[in-house]
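Chain by chain, the residues run as shown.
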Amino acid sequence: MRSSCGRLFTRKSFCIGGEAAVANIRDIAKLTGYSVSTISRVINGHPYVDEEKRKEILAVMKEVDYIPNANARQLSYGKTKSIGVILPYTNHPYFDQLISGIIEAAFDYDYKVTLLPTGYHKEKERRYLEEFAAKAFDGLIITSRANTLDDLLAYQKYGPLVFCEEIKGKQASCVFIDREQSITEGLTYLKQQGIKQLGITLGRSGRLSYNSKITLQLCHQLFPSFDESLVFWDCIDAEKGKQAGFFFKELGVDGVFTNSDMVAAGILQSYLQDKTPVVIGRDNLLISELLGFPTIDHHLEACGEMAFQLFLTEKKDKVKIPYTFIQRCIYLK
């Protein structure tokens, strides 16, 4: 290969004292005859570099196995090209769909997505926030939180934060689903089916989330005789759903509003040959179609994609994602 100065070199020729050496940016500059600033622009994908120069520099970098220092690139570019996603669990369909949307959008902009599971532990969440403050990430998408909203909003001075919940009365970027309307529609459907004894499955019991609060509020509103002793808490997967099913069966529950399709499937599994209650799921997973029960599609992938777009624009917009209530006629009682 010939450098811009007309010198021939090969990978074998790049050595110091007979020993193979690791090339740095100055070595690439010497080998090509171009300035360090020109090499830097090529490394960082700067658009204003002559295409022939770019090809020649990239060829030399490949020839000597030059790998740009990631930290140096970040300092030069001012960004990590990495976004953190705070979430409680990594094995839940709700968060799976959100993450899928975020990753899909991030891929188009060459961003790395780092998952930051908290298990709803406040201290763990705070550690991630401190990493963000130390510039480990360009921004954070917060799918669900353990700390107070004000605690998290204090970190906006370090970069963009996007919340996957409705933030009212605050300057904050958020994308959210219309939970109140979707839950109302689901509960109204159960009421229209003549349900008398309503059961509910919800997630964490340690601190009521907005989803839990609004669900309980609407249950009391639409079913005046609703008893909160018929809530099965900490229900996050099919196995817990199965336990909930046995719980509801003993209490004569004839309709269940669940917090996920997998939970709904677990409930139905627990009934076996017994008459099953009318069950409504959430997430519109394949299992809801196969078993034929109604579900609520909150279009979570679209929610994740929009969250990433809000991060990119750094605007403190509030975006509501529409939902779809899916009534299925093949539900087997």
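Structure's up top.
The text that follows walks through the structure, step by step, so that each part is easy to find. Residue numbers run consecutively from 1 along every chain, following the written order of its sequence. It should be noted that, the model being predicted, local features are given only for residues of pLDDT at least 70 and side-chain atom pairs only at 80 or more, the latter also being counted only at that level, while totals for whole chains, interfaces and linings use all residues. Side-chain descriptors were evaluated using all non-hydrogen atoms of the structure, hydrogens and water having been removed beforehand.

1. Quick notes on the environment of Leu140
Secondary structure is summarised from DSSP: a helix means a run of H or I of at least four residues, a strand means a run of E of at least two, and numbering begins at the N terminus for each. Secondary-structure assignment places Leu140 in strand β5 (residues 139-142). Along the chain, Leu140 and Gly84 lie 56 residues apart, while their C-alpha atoms are 4.8 Å from each other. Beyond its immediate stretch of four places on either side in the chain, Leu140 contacts Ile83, Gly84, Ile86, Leu116, Leu129, Phe132, Pro160, Leu161 and Val162. What makes two residues a contact is simply this: any of their non-hydrogen atoms within 4.5 Å.

2. Let's talk about the packing of aromatic side chains
Each aromatic ring pair is characterised by the separation of its centres together with the angle its planes make. Note on aromatic contacts: the rings of Phe and Tyr and the six-membered ring of Trp form a pair at centre separations within 6.5 Å, being stacked when their planes are under 30 degrees apart, edge-to-face when over 60 apart, and tilted otherwise. For the structure on display, the rule yields 11 aromatic pairs. Here Tyr109 and Phe308 contribute two aromatic rings whose centre-to-centre distance is 6.0 Å and whose plane-to-plane angle is 40°, an arrangement assigned as tilted. Separated by 199 residues along the polypeptide, Tyr109 in the loop between α5 (93-108) and β4 (112-117) and Phe308 in helix α13 (residues 300-313) bring together distant segments of the chain. Should the NZ of a Lys or the CZ of an Arg lie within 6 Å of a ring centre and within 35 degrees of the ring normal, that charge is described as sitting over the ring. Positioned above the aromatic ring of Tyr271, the side-chain terminus of Lys249 is 5.3 Å from the ring centre.

3. Here we look at helix α1 (residues 25-32)
To sort residues, take the accessible area from a 1.4 Å probe on protein chains only and compare it with the maximum for the residue type: under 20% means buried, over 50% means exposed, and anything in between is partly exposed. Along α1, the residues that are buried comprise Asp27, Ile28, Ala29, Leu31 and Thr32. The inward-facing, buried residues of α1 abut α2 (36-43) and α3 (51-63). Here a polar contact means two N or O atoms within 3.5 Å. Within protein one must be a hydrogen donor candidate and the other an acceptor candidate, and residues neighboring in sequence count only if both atoms are side-chain atoms. The residue sitting at the N-terminus of α1 and contributing the capping side-chain oxygen is Asn24; that oxygen lies 2.9 Å from the backbone nitrogen of Arg26. Remark: Gly33 follows α1 within two positions and exhibits a positive phi of approximately 85°.

4. As for the pattern of salt bridges
Salt bridge criterion: a side-chain nitrogen from Lys or Arg within 4 Å of a carboxyl oxygen from Asp or Glu. Taken as a whole, this structure holds 6 salt bridges when the rule is applied. Note that Arg126 is salt-bridged to Glu123, the shortest N-O span being 2.4 Å. Highlighted residues: Arg126 and Glu123, both in helix α6 (residues 122-133), separated by 3 residues, approximately one helical turn. Between Lys170 and Asp150 there is a salt bridge whose closest N-O contact spans 3.0 Å. With a gap of 20 residues between them, Lys170 in the loop between β6 (161-163) and β7 (173-177) and Asp150 in helix α7 (residues 149-153) connect regions that are remote in the sequence. Judged by relative accessible area, Lys170 falls into the partly exposed class, the value being 34%. Under the relative-accessibility criterion, Asp150 is labelled partly exposed at 48%.

5. Notes on the sheet that holds strand β9 (residues 231-232)
In this description, strands pair whenever DSSP reports at least two bridges between them. Read from one edge to the other, the open sheet built from 6 strands follows the order β9-β8-β10-β11-β12-β14, with strand pairing classed as mixed. Looking at the sheet topology across the chains shown, the edges are occupied by β9 and β14 (324-326). Bridge count for strand β8 (residues 198-201) against strand β10 (residues 255-257) is 3 bridges, and the pairing is parallel. Bridge assignment links Gly199 to a residue of β10, and that residue is Val256. Where helix α8 (residues 179-192) meets the sheet, its contacts fall on β8, β10, β11 (278-282), β12 (295-297) and β14, and the angle it forms with β11 comes to roughly 165°. For helices, the axis comes from a line fit to the C-alpha atoms of the stretch in contact; other axes are also lines fit to C-alpha atoms, and the angle between any two N-to-C directions lies between 0 and 180 degrees. Where helix α11 (residues 261-271) meets the sheet, it contacts β8, β10, β11 and β12, and its direction lies at approximately 155° from that of β11.

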